[in-house]
Amino acid sequence: NAIAHKRIPMINLTVGLFLEQLIPMDGEEPPSTLDKLEGTECLSNLLFPENGSATVELLDVTTLKGLWNGIKRTHDESSMQISIAGSEGTNNKILADNCRTLVSRLALALEMLPDKSLWDAFISEPLLKQKKQIDMSPSRSRLNIAYMACLTASGGPRTLRFCLGVGLESLLDFLSENLEDTEDAAAATHGIGAFFSSCTVAINRGRKEGVVFHPHPLEQYATKASKVLLDAVEHKELSSAIKVGATRALEFLVLAVSEEHLEEELLSRLCSFIETLSESITQQSPGDESDWIDACSSTLGSMLGNAVDQETSDASKTVLASPAIQELVKEVITPKLLEAAESISLGSGASKKAIAMACTLSETYSSKTITALLEALQKSLEGGIIDDSCIQCSDALSYVLRNGGDYPSRAYHDSPASSTVLNSLGGGRIRYSVNAEKMANLSLPTEESKGDADAARSKVQLVLSNLLPAYENNVPVMTLVQLNRTVADVLPPMSEADKSTLSITLPILGSALSSIDEFPTIDDVDMDTDQSSLQEVCIGMLPGLTEFVMTEDNDIETRSSAAYCMHAMLSLGNLSMQECPVKPVVDDLVKRFTSAKFDHDASTDWLNFLSLMASSAARRGGSSSNTAGKIAQFLVELAVKGKAQLPFTSDEEKQLDLSSVDYEKVASKLRFVSASAYGSMLALDVKPLMKQRLTHTCLKYIKEAYEEEKSQAQAGNSIPPPNVGLMVLICHLICNVDLSKMDKMVLHQTAAITVEGLSSSELFDPSTAFDPKNTTSKNLVLVAILKLLSVAPHSVPVSIYTYCSCKG
């Protein structure tokens, strides 16, 4: 009989068993979040098997009601525990999402069945009970509203209309009758927005699947919702909480309903509302609440982006496509926002946020906005002086490039004004003030004019830093080619104009090279085949860049940019087919060091540059691994012993011996620099074998130091604290490797030496408290010990607690 009626009792029993995993029987221990996650997954797999048809039609009414109650209760419990920190909160969020997904799939499947009583039992009857709770207090029905809004978005056409009739209409009625400064009114505004947003999701998904909703699901609610929400925003005595909710709801309303659904009066009020948002942003005052300003920015940005796209789109139009709103956006709102964004007013930040939001949504709006900002920047640079307005304009451009998604960077590279701006910044064309024109004569520059030139360079760098985000992704191949050729043409720099060009181009080239994984091939570049490939240009630039970096007379920031460019070039996998493209650079550095007179500052720069090249080799791996290993060995030996053989040399004379340094503090600092350089290599995201090779480079020195301490202790001698080089080396090792994979004995030895570092007078002497090197070293020691205590407390000697109690 059960089979004849297409009812298989077994599936109903199975569902009941899984429900007990969600809601246990009385007296049983409550299930964990992971148990509930497993239960929802089992229910989903049972009712919607991957390799078969859905089995929902085999369920009976009693089972469906039990399913609703079990899923709804689990959803509510998990939603209230999402705020818990750590994995428990994350798992509860996943569980709540799983519940909403499962109930939506069930609603859609039941809606498709010819037997409507099943849908009524699962959707209609429970939602009508929830409606009574919403009518009484929306603030106490937030979970019910969220649950119903989810069904609106994913439950199917019939479920969509039913949820709107039960949930949205109840909230509109409540707000119309209770437009007061209460928590219930605020909850109602946010709930209305949730229903409009969910309905938009459902309509857009249906449109992609070829489903047309007729009549429009929101047609009967558009007028009433617009009136009550606009009343809430225009009400002067209501709190910002209600106005924020109403503003968000109006954002979703204008994205969901069309112009024909609204009367002329309401359309006029909507235009006034959009102007109010703009004025709240651009005319912001110190007393304005941040929540209200944030809501205005995000809502206005969303409206702007969608409005501009609807002007040219063939898709279904909403109220944003109306001529009145289109004209308002073009002629009033956008110009005001750009003017405020380029100013130093209080509303500048909120204006930038609104513009960036619009750019994330619309490629057309991005193109118009970036072009306008670039042209304004170009105009402000025409006089050769960077003033405050120029800097503010570049700040606005930078914010949009960083926060506006991918569209702004593409628009930047498509605009001819971008190259014009770079040309204006380079070549020494920028002056600090009109008085700097005196530098044009043949007389020697005065101290005043030198100061003006330094100030001009500082402002150029400030504007340049605001342009760099455009070169961090989506850089066209031809732009990359042009940047490389520009640098190659002025190496070595023969004039101040050449140096100025490098100061502009090198930071940009470094950012552009870092944004790609491999060089584009000759086929990717639209240029004549007789021209050199991009790889060949870069290889040819390496000696010139090395010379520029090692020349102390050059500007330090530009030298750093050149080193960064070399690092980016050498890190690219397809730069060269030779054995290791980094080794010739290292050989050149070693040759320069051995032929130069020892100098503390030059040695520091040399060590840092050498470690940067080693990092490039480590990132490349393969044939470059040996280069990285040799340099790592050199850095470690120098940090620990103060003496090391230069990489790829065998002559004993080619050693760096810090014992020959006159000042002990200088030797100590060079040990610190060497250890820090090795630490920067460890911090790289490289292949596991490369990481293991770098790690093992210093382990033997740790063992030697530990054995020395042990022998001193056995002989009854006092144990001297480890030198700063070894100390910093070990701390970098602890901070950058997975301690769980280290040998227990090695980990114990490492921890013991780290704890001994706490007694180092060199690091913790009060007289050196303000020494930057010592401050960094002390912080490293403390961070390393903290990690040991957190990850591997068993490895830390008991003496650490004695030491801390004595100090306390």
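Residues numbered from 1 in each chain as written. Predicted model: local features only at pLDDT ≥ 70, side-chain atom pairs only at ≥ 80, totals over all residues. Heavy atoms only, no water.

(A) Focus on the overall build of the chain. Within the chain, the secondary structure is distributed over 33 helices and 2 strands. The buried share among the 808 residues of the chain stands at 50%. Restricting to contacts in the chain with at least 6 residues of sequence separation, those with at least 24 account for 73%. (Helix = DSSP H or I, 4+ residues; strand = E, 2+ residues; numbered from the N terminus. Buried < 20%, exposed > 50% of the residue type's maximum accessible area, 1.4 Å probe, protein only. Contact = heavy atoms within 4.5 Å.)

(B) The arrangement of the pattern of salt bridges in detail. According to the stated counting rule, one finds 17 salt bridges in the structure shown. The salt bridge partner of Asp605 is Arg559, with a shortest N-O separation of 3.4 Å. Highlighted residues: Asp605 in helix 25 (residues 600-620) and Arg559 in helix 23 (residues 556-571), separated in sequence by 46 residues. When the shortest N-O distance is used, the salt bridge between Asp587 and Lys583 registers 2.9 Å. Here Lys583 and Asp587 lie together in helix 24 (residues 583-595), a separation of 4 residues that amounts to about one turn. Residues joined in a network through salt bridges with shared partners are Lys36, Arg73 and Glu77. (Salt bridge = Lys/Arg side-chain N within 4 Å of Asp/Glu carboxyl O.)

(C) Looking closely at the environment of Lys787. Mapped onto the elements, Lys787 comes out in helix 32 (residues 772-791). Sequence separation between Lys787 and Cys735 is 52 residues, and the spatial gap between their C-alpha atoms is 7.2 Å. In contact with Lys787, not counting residues within four places along its chain, are Ile734, Cys735, Asn736, Val737, Leu739 and Ala792.

(D) How the structure looks around the environment of Ala121. Inspection of the secondary structure assignment puts Ala121 in helix 5 (residues 116-136). For Ala121, a relative accessible area of 3% puts it in the buried group. Considering only alpha carbons, one finds Ala121 and Thr63, 58 residues apart in sequence, at a separation of 9.8 Å. Apart from residues no more than four positions distant in its own chain, Ala121 is found in contact with Val61, Lys65 and Pro126.

(E) Examining the nonpolar core more closely. Leu67, Tyr412 and Phe634 are the most contacted members of the largest nonpolar core, which totals 236 residues. In terms of residue count, the dominant contributor to this core is helix 27 (residues 664-682) (10 residues). Dropping the residues within four chain positions of it, Leu67 is found in contact with Val15, Leu19, Leu43, Leu47, Leu59, Leu106 and Phe122. (Core = buried A, V, L, I, M, F, W, Y, C linked by side-chain atoms within 4.5 Å.)

(F) Up close: the confidence of the model for the chain. Of all residues in the chain, 88% attain a pLDDT of 70 or more, and the chain-wide mean is 86. Predicted confidence is poor over residues 1-6, with pLDDT under 50, and the contacts of this stretch with residues over four places away or in other chains come to 4 contacts. Counted against residues more than four places away or in other chains, residues 432-448, with its pLDDT under 50, gives 13 contacts. (pLDDT = per-residue confidence, 0-100.)

(G) Focus on the side chain of Thr604. Here Thr604 shows up in helix 25. Not counting residues up to four positions away in its chain, the partners in contact with Thr604 are Leu670 and Val673.

(H) Spatial organisation of unusual backbone geometry. The omega torsion of the bond from His214 to Pro215 falls at -5°, within 30 degrees of zero and hence cis. By the secondary structure assignment, Pro215 is in the loop between helix 8 (183-208) and helix 9 (219-234). Omega for the bond connecting Leu491 with Pro492 falls within 30 degrees of zero, at -10°, which places this linkage in the cis form. Structurally, the position occupied by Pro492 is in the loop between helix 20 (477-489) and helix 21 (496-514). Notably, Phe648 is not glycine yet its phi reads approximately 60°, a positive angle. The topology assignment puts Phe648 in the loop between strand 1 (643-645) and strand 2 (655-657).

(I) Main features of helix 24. The terminal C-alpha atoms of helix 24 lie 18 Å apart, and with 13 residues this matches the ideal 18 Å at 1.5 Å per residue to within 8%. Those residues of helix 24 not exposed but buried are Val585, Val586, Leu589, Val590 and Phe593. Taken around the axis of helix 24, the buried residues stretch over an arc of 135°, which confines them to a single face. Summarising the geometry of helix 24, the exposed residues directed more than 90 degrees from the buried face are Lys591 and Ser595. (Expected span 1.5 Å × (residues − 1). Arc of directions from axis to C-beta.)

(J) Broad picture of a negative patch on the surface. Together, Glu219, Glu259, Glu260 and Glu264 make up a region of like negative charge exposed at the surface. For Glu259, a relative accessible area of 34% puts it in the partly exposed group. (Patch = residues over 30% accessible without salt bridge, like charges linked within 9 Å, V, L, I, M, F, W, Y side chains within 5 Å. Areas by Shrake-Rupley, 256 points an atom, 1.4 Å probe, with all protein chains shown as cover. Lys, Arg positive; Asp, Glu negative; His and termini not counted. Charge placed at Lys NZ, Arg CZ, Asp CG, Glu CD.)

(K) Up close: the packing of aromatic side chains. One pass over the full model with this rule turns up 6 aromatic pairs. Relative to Tyr147, the ring of Trp68 has its centre 5.3 Å away and its plane inclined at 80°; by these criteria the two rings are edge-to-face. Here Trp68 is found in helix 3 (residues 61-79), whereas its partner Tyr147 is found in helix 6 (residues 142-154), with 79 residues between them in sequence. The same class applies to Trp68 and to Tyr147, which are both buried. Aromatic pair Trp606 and Phe634: ring centres 6.0 Å apart, planes at 90°, arrangement edge-to-face. Of this pair, Trp606 sits in helix 25 while Phe634 sits in helix 26 (residues 625-641); the two residues are 28 residues apart in sequence, bridging distant segments of the chain. The residues Trp606 and Phe634 share a single accessibility class, namely buried. By the ring-pair criterion, three or more aromatic residues cluster together here, those being Trp68, Phe122 and Tyr147. A cation over an aromatic ring shows up here: Lys72 above the ring of Tyr147, its NZ or CZ 5.3 Å from the ring centre. Cation over ring: Arg105 sits above Phe48, and NZ or CZ is 4.2 Å from the ring centre. (Phe/Tyr/Trp six-rings, centres within 6.5 Å; stacked < 30°, edge-to-face > 60°. Lys NZ or Arg CZ within 6 Å of the ring centre and 35° of its normal.)

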